[in-house]
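The lines below spell out each chain.
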Amino acid sequence: MMSGMIHQEADFLLISLLWGVGLTVVYDCLRIVRVAVRHASVAVAAEDFLYWIFAAFALFVLLFSMNDGKLRWYALAGAGAGMWLYHITLSQFLVKWLGAALGVAIKGLFAPLKILGRLLKKRVGSITIKVKAKCHTFKTEWEQKKRAQKKEQEKGSAEGNRGGKQRKGKVQKAKQGSYRGNSVGDSSFLRTSFLQDEGIAG
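Note that the structure is predicted; figures quoted are calculated from it, not measured.

> Mind showing me how you'd approach a nonpolar patch on the surface here?
A surface patch of nonpolar side chains, amounting to about 520 Å² of accessible area, comprises Trp-19, Phe-57, Phe-60, Val-61 and Phe-64. In terms of residue count, the dominant contributor to the nonpolar patch is helix 2 (residues 41–67) (four residues). Tracing the sequence through the fold places Val-61 in helix 2. Relative accessible area serves as the criterion here: at 32%, Val-61 is assigned to the partly exposed category.

> Is there a simple way to think about the packing of aromatic side chains in this case?
Any aromatic ring pair is given by two values, namely how distant the centres are and how the planes are angled relative to each other. The tally for this structure, following the rule as stated, stands at three aromatic pairs. Ring centres 4.9 Å apart and planes at 50° place the aromatic pair Tyr-27 and Tyr-51 in the tilted group. Of this pair, Tyr-27 sits in helix 1 (residues 2–36) while Tyr-51 sits in helix 2; the two residues are 24 residues apart in sequence, bridging distant segments of the chain. On the accessibility criterion, Tyr-27 (22% relative accessible area) is partly exposed. Using a relative accessible area of 6% as the deciding quantity, one classes Tyr-51 as buried. Through successive ring pairs, a cluster of aromatic residues spans Tyr-27, Tyr-51 and Trp-52.

> Any chance you could explain the side chain of Ser-91 here in plain terms?
In this fold, Ser-91 is placed in helix 3 (residues 73–201). A relative accessible area of 0% means that Ser-91 is categorised as buried. Contacts of Ser-91, omitting those with residues within four sequence positions, involve Asp-28, Arg-31 and Tyr-86.

> Would you mind going over the pattern of salt bridges with me for this structure?
Here the idea is simple: oppositely charged side chains can pair when their charged atoms come close. On inspection of all chains with the given rule, the structure shows three salt bridges. Here Asp-28 and Arg-31 are joined by a salt bridge, their closest N and O atoms 3.1 Å apart. Note that Asp-28 and Arg-31 are positioned in helix 1 at a spacing of three residues, about one turn of the helix. Judged by its relative accessible area of 3%, Asp-28 is buried. One salt bridge connects Arg-34 with Glu-47, and the closest N-O pair in it is separated by 2.9 Å. Of the two residues, Arg-34 sits in helix 1 while Glu-47 sits in helix 2, which places them 13 residues apart along the sequence. By relative accessible area, Arg-34 is classed as buried at 18%. Connected via shared salt-bridge partners are Arg-34, Glu-47 and Asp-48.

About the cut-offs
Residues numbered from 1 in each chain as written. Predicted model: local features only at pLDDT ≥ 70, side-chain atom pairs only at ≥ 80, totals over all residues. Heavy atoms only, no water. Patch = residues over 30% accessible without salt bridge, like charges linked within 9 Å, V, L, I, M, F, W, Y side chains within 5 Å. Areas by Shrake-Rupley, 256 points an atom, 1.4 Å probe, with all protein chains shown as cover. Salt bridge = Lys/Arg side-chain N within 4 Å of Asp/Glu carboxyl O. Helix = DSSP H or I, 4+ residues; strand = E, 2+ residues; numbered from the N terminus. Buried < 20%, exposed > 50% of the residue type's maximum accessible area, 1.4 Å probe, protein only. Phe/Tyr/Trp six-rings, centres within 6.5 Å; stacked < 30°, edge-to-face > 60°. Contact = heavy atoms within 4.5 Å.

Structure follows, in structure tokens:
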């Protein structure tokens, strides 16, 4: 009976040790990604916060599944020992080399995309320049057309004013001529009537 309990406790301690190794492996995955891709300090803090929430939940699952939710300090000590042993043996090597390999793979994967992006940027830039040139040409032609229309309108209005003045002068001359004609006709009429009166008197 006693040996069975000791065997069970030893198994639980070993599982706690492996559980700590697993938690450290998960955190090293984050470290490998950070080595391959630069992270801002805010992103690192957020990742650490989420990781420790996950680690606390994982330890709770360990205690609940293996020990009916009872807290055993040696289980936590076993998990801590597993983290420490993995950290001083494999962690540094794996993070360094796997991070470098992942960085090279990411650069190789995104190199064609960078080249394609540069080509697209040049193409878009040339198209933009052509569109701007066409817009400038269209704007210049439109302004020239508007100026030509304005000049024609001003010329037409000037000719209209000149023609109006000429017509007004002709009308005034015609009126003056009619006035003269009426005065000459009246004088000749008076002269004729006077001569007729003298003939009757004689």
